[in-house]
Amino acid sequence: MNQPGTHRRRPAVIGMISAIMVFFLAMLIHAQLRSDSHALGPALATFAATAVPGGLLAWWLAGRPRR
């Protein structure tokens, strides 16, 4: 059964997830550039390996109809 608010909820969730991911990516880049190590490559790879699948999972769960 399709909930009436499902189609309106997904764009809002996608926007919120995108804003959160951009915020934490900016924090990560800022912290790495201010540190002495300047190891931005491995930090970005770790971020992409954890945040992208997590964001896709949250997007998929937001679009599923509730029971």
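Residue positions are given per chain, counting from 1 as you read along its sequence in written order. In keeping with the model being predicted, local features are shown solely for residues with a pLDDT of at least 70 and side-chain atom pairs are shown and tallied solely at 80 or more, while totals for entire chains, interfaces and linings include all residues. Hydrogens and water are ignored here; the side-chain numbers use all heavy atoms of the structure.

(A) Examining the overall build of the chain more closely. The secondary structure listing takes helices from DSSP runs of H or I that are at least 4 residues long and strands from runs of E that are at least 2 residues long, numbered from the N terminus. From N to C terminus, the chain includes 2 helices and 0 strands. Three labels apply to residues, based on accessible area from a 1.4 Å probe with only protein chains included: buried if under 20% of the type maximum, exposed if over 50%, partly exposed otherwise in between. Within the chain, buried positions represent 15% of all 67 residues. Carbon and sulfur atoms provide 71% of the accessible area of the chain, an area that totals close to 5,200 Å². Residue-level accessible areas treat just the shown protein chains as cover; the underlying method is Shrake-Rupley with a 1.4 Å probe.

(B) Main features of the environment of Trp60. With respect to the element layout, Trp60 can be found in helix H2 (residues 40-63). On a C-alpha basis, the gap between Trp60 and Arg10 in space is 9.0 Å, while along the polypeptide they are 50 residues apart.

(C) Region of the structure containing the packing of aromatic side chains. Ring pairs are drawn from Phe, Tyr and Trp, using the six-membered ring of Trp, whenever the two centres fall within 6.5 Å, and their geometry is named by plane angle: stacked under 30 degrees, edge-to-face over 60, tilted for the rest. Inspection of the entire model under this criterion finds 1 aromatic pair. Taken together, a centroid distance of 5.3 Å and an interplanar angle of 75° make the contact between Phe23 and Phe24 edge-to-face. Overall, Phe23 belongs to the partly exposed group, its relative accessible area being 49%. Judged by relative accessible area, Phe24 falls into the partly exposed class, the value being 44%.

(D) Inspection of a nonpolar patch on the surface at higher detail. Residues enter patches when they are more than 30% accessible in relative terms and free of salt bridges; like-charged ones are connected within 9 Å and nonpolar ones (Val, Leu, Ile, Met, Phe, Trp, Tyr) within 5 Å. Salt bridge criterion: a side-chain nitrogen from Lys or Arg within 4 Å of a carboxyl oxygen from Asp or Glu. Together, Ile14, Val52, Leu56, Leu57, Trp59, Trp60 and Leu61 make up a nonpolar patch on the protein surface, roughly 640 Å² of accessible area in all. As for its position among the elements, Val52 is in helix H2. Taking the relative accessible area as the measure of exposure, Val52 reaches 40% and is therefore partly exposed.

None of this, on its own, says anything about what the molecule does.
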